[in-house]
Amino acid sequence: GDEEEAGLHALSLPASLKLGLGDFIFYSVMVGRASMYDLLTALCCYVAILAGLGGTLVCLAIFHKALPALPFSIALGTAFYFLARFCLEPFVVPMTASAMYF
């Protein structure tokens, strides 16, 4: 009864969430820069940014305070940009060039 409702209310999100224009500019610049290099890097960056937004929403539900949207997304996007470019890409591109997947 009341305990379940209190638990659900404790993890609820506010009625409206707002992202500023600056958030979208940073996200688009990061994905655009990643797409200048490689499609794989751009996709990794895109997924990391979405995961960062999800992490921000989870923290918003837990702390019930206004949080900036950029820190998690930019940190994850930057980390995955470098991981994809320098760790994943040197292995995936030669495999696709030789059609050796498994």
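Residues numbered from 1 in each chain as written. Predicted model: local features only at pLDDT ≥ 70, side-chain atom pairs only at ≥ 80, totals over all residues. Heavy atoms only, no water.

Q: I keep staring at the side chain of Ser73 and nothing clicks. Help me out?
A: Checked against the element boundaries, Ser73 lands in helix 4 (residues 70–97). A polar contact is formed between the side chain of Ser73 and the backbone oxygen of Ile49, at a distance of 3.3 Å. Setting aside residues no more than four positions away along its own chain, Ser73 makes contact with Tyr27, Ile49, Gly52 and Leu53. (Helix = DSSP H or I, 4+ residues; strand = E, 2+ residues; numbered from the N terminus. Polar contact = N/O pair within 3.5 Å; in protein donor to acceptor, adjacent residues only side chain to side chain. Contact = heavy atoms within 4.5 Å.)

Q: Which parts of the structure should I look at to understand the packing of aromatic side chains?
A: The geometry of two aromatic rings is summed up by the distance between their centres and the angle between their planes. In the structure shown here, the tally under the stated rule is 2 aromatic pairs. The interplanar angle of 75° and the centroid separation of 5.1 Å between the aromatic rings of Tyr81 and Phe82 together place this pair among those described as edge-to-face. Plain terms: the ring middles of Phe82 and Phe86 are 6.0 Å apart, the flat faces sit at 5° to each other, and that makes the pair stacked. Residue Phe82 and its partner Phe86 are both found in helix 4; the two are separated by 4 residues, about one turn of the helix. With relative accessibility at 53%, the residue Phe86 sits in the exposed group. Aromatic ring contacts, followed pair by pair, group Tyr81, Phe82 and Phe86 into a single cluster. The lysine or arginine in question, Arg85, covers the ring of Tyr37, its NZ or CZ lying 3.9 Å from the ring centre. (Phe/Tyr/Trp six-rings, centres within 6.5 Å; stacked < 30°, edge-to-face > 60°. Buried < 20%, exposed > 50% of the residue type's maximum accessible area, 1.4 Å probe, protein only. Lys NZ or Arg CZ within 6 Å of the ring centre and 35° of its normal.)

Q: I tried to follow helix 4 on my own but got confused; where do I start?
A: Because each turn of an α-helix spans 3.6 residues, side chains separated by three or four positions in sequence point in the same direction. Considering bend angle alone, the principal kink of helix 4 is centred on Leu88 and spans about 55°; proline Pro90 follows within four residues of it. Where helix 4 ends, the next residue or the one after it, Ala99, has phi of about 55°, a positive value. (Bend = angle between axes of the 7 residues up to and from the residue.)

Q: Looking at this structure, how should I read the confidence of the model for the chain?
A: For the chain, the average pLDDT comes to 82, and 79% of its residues sit at 70 or higher. Ranking the elements of the chain by mean pLDDT puts helix 1 (residues 2–10) last with 55 and helix 3 (residues 39–63) first with 91. (pLDDT = per-residue confidence, 0-100.)

Q: I would appreciate a short explanation of unusual backbone geometry in the present structure.
A: Most peptide bonds take the trans form, and the phi angle of most residues other than glycine is negative. Backbone geometry places His64, a non-glycine residue, at a positive phi of 55°. Inspection of the secondary structure puts His64 in the loop between helix 3 and helix 4. Judged by its relative accessible area of 46%, His64 falls in the partly exposed class.

Q: Quick question: what am I supposed to make of the side chain of Thr56 here?
A: When you line up the elements, Thr56 lands in helix 3. For Thr56, the contacting residues outside a window of four places in its chain are Leu67, Pro68, Ala69 and Phe72.

Q: Even after reading the chapter, I still don't get the packing of helix 2 (residues 21–37) against helix 4, so can you show me in this structure?
A: The angle between the axes and the distance between the axes are what describe a pair of packed helices. Viewed as axis vectors pointing N to C, helix 2 and helix 4 meet at an angle of 0°, and their least axial separation amounts to 11 Å. Between helix 2 and helix 4, the crossing angle belongs to the class labelled roughly parallel. Every residue of helix 4 that contacts helix 2 at Asp23, Phe26, Tyr27, Met30, Arg33, Ala34 and Tyr37 is listed here: Leu70, Ser73, Ile74, Gly77, Thr78, Tyr81, Arg85 and Glu89. In terms of residue class, the contact of helix 2 with helix 4 is made up of 8 nonpolar, 3 polar and 4 charged. (Axes fitted to C-alpha atoms, helices over the stretch in contact; angles between N-to-C directions. Parallel < 35°, antiparallel > 145°, perpendicular 65-115°, else oblique. Nonpolar A, V, L, I, M, F, W, Y, C, P; charged D, E, K, R; others polar.)

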